[in-house]
Amino acid sequence: MFSHIMVGANDVQESKIFYDAILGSLGHESGLVDDKGRCFYRTNSGTFAIGKPIDGEPAYHGNGITIGFSAENSATVDAWHSAGIANGGTSCENPPGLRGGANLYIAYLRDPSGNKICALYR
């Protein structure tokens, strides 16, 4: 359904360090920065990207928006969360754990620009 998701970042290099760590914990390659300073993480199922807003205004998080990344197991969710905290992210909501009647193992973070993201094992 989705071809790509892009989030705004006030400091792309700081955000790249954060996303390299958390996406690396999920088995993805480091992001590639293009000549416009945007960073892309490409997979067979889609692309995740970070970049400064085109309008020149500061990046800020969307209220009510969460971007979820798939994880292979609960240990991977925990590793994702730890990598995020160690690389400039902030834990939000509850600690990593079971949700949804014990059907979902999930963790939430805010990235360095305040975007809300999660890792989920179903």
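You'll find the structure just up there.
For every chain, the first residue of the written sequence is number 1, and numbering continues from 1 onward in sequence order. Local features in this predicted model are restricted to residues of pLDDT 70 or higher, and side-chain atom pairs are both shown and tallied only at a pLDDT of 80 or more, whereas totals for entire chains, interfaces and linings draw on every residue. Excluded from the side-chain calculation are hydrogens and water; included are all heavy atoms of the structure.

1. Points about helix α1 (residues 12–25)
Part 1 of the argument: Spanning 14 residues, α1 covers 19 Å between terminal C-alpha atoms, matching the ideal 20 Å at 1.5 Å per step.
Part 2 of the argument: All buried positions along α1 are accounted for by Val12, Ser15, Lys16, Phe18, Tyr19, Asp20, Ala21, Ile22 and Leu23.
Part 3 of the argument: Two to three positions downstream of the cap, the backbone nitrogen of Gln13 sits 3.1 Å from a side-chain oxygen, assigning the N-cap of α1 to Asp11.
Part 4 of the argument: Secondary structure elements are defined from DSSP: runs of H or I of at least 4 residues count as helices, runs of E of at least 2 residues count as strands, and each element is numbered from the N terminus. Two residues or fewer after α1 comes Gly27, characterised by a positive phi angle close to 95 degrees. Expected helix span is given by 1.5 Å per residue-to-residue step, counting one fewer step than there are residues. Partly exposed residues are those whose accessible area sits between 20% and 50% of the maximum for their type, while under 20% is buried and over 50% is exposed, using a 1.4 Å probe and protein chains only. Counting of polar contacts relies on pairs of N or O atoms within 3.5 Å, with two restrictions inside protein: one atom must be capable of donating a hydrogen and the other of accepting it, and residues adjacent in sequence are counted only when both atoms are side-chain atoms.

2. Thoughts on unusual backbone geometry
Part 1 of the argument: Of note in this structure, Glu93 is not a glycine but carries a positive phi near 65 degrees.
Part 2 of the argument: Residue placement: Glu93 occurs in the loop between β6 (90–91) and β7 (97–99).

3. What about the pattern of salt bridges?
Part 1 of the argument: Here, a salt bridge means any Lys or Arg side-chain nitrogen found within 4 Å of an Asp or Glu carboxyl oxygen. Here the structure, examined in full by the defined rule, presents three salt bridges.
Part 2 of the argument: With its nearest N and O atoms 2.6 Å apart, the salt bridge here joins Asp20 to Lys16. Of this pair, Asp20 and Lys16 are both found in helix α1, four residues apart, which corresponds to roughly one turn of the helix. Residue Asp20 shares its accessibility class with Lys16, and that shared class is buried.

4. Notes on helix α2 (residues 74–86)
Part 1 of the argument: Between its terminal C-alpha atoms α2 stretches 18 Å, which fits the 18 Å expected from 13 residues at 1.5 Å a residue.
Part 2 of the argument: Residues Thr76, Val77, Trp80, His81, Ala83 and Gly84 constitute the buried set of α2. Mapping the buried residues of α2 onto a view down its axis gives an arc of 165 degrees, with all of them on the same face. Of the exposed residues in α2, those oriented more than 90 degrees away from the buried face are Ala75 and Ala86.
Part 3 of the argument: By the convention used here, residues are in contact when the closest approach between their heavy atoms is within 4.5 Å. In this structure, the buried residues of α2 make contact with α1, β5 (67–70), β6, β8 (104–110) and β9 (116–121).
Part 4 of the argument: Where α2 begins, one side-chain oxygen reaches toward the backbone nitrogen of Ala75, 3.2 Å away; that side chain belongs to Asn73. Note that the arc is defined by the directions from the helix axis to the C-beta atoms.

5. Things to note about the packing of aromatic side chains
Part 1 of the argument: Here a Phe, Tyr or Trp ring, Trp counted by its six-membered ring, pairs with any other such ring whose centre lies within 6.5 Å, and the pair is stacked when the planes are under 30 degrees apart, edge-to-face when over 60, and tilted otherwise. All chains considered together, the criterion is met by four aromatic pairs.
Part 2 of the argument: Look at Phe18 and Tyr19: their rings are 5.0 Å apart centre to centre, the planes differ by 90 degrees, and that puts the pair in the edge-to-face class.
Part 3 of the argument: Where Tyr19 meets Phe48, the ring centres are 4.9 Å apart and the plane angle is 50 degrees; that geometry is what we call tilted. Remark: Phe48 occurs in strand β4 (residues 46–51) and Tyr19 occurs in helix α1; sequence separation between them is 29 residues.
Part 4 of the argument: Overall, Tyr19 belongs to the buried group, its relative accessible area being 0%.
Part 5 of the argument: We count a charge as sitting over a ring when the NZ of a lysine or the CZ of an arginine lies within 6 Å of the ring centre and within 35 degrees of the ring normal. Over the ring of Phe40 we find Arg42, and its NZ or CZ is 4.6 Å from the ring centre.

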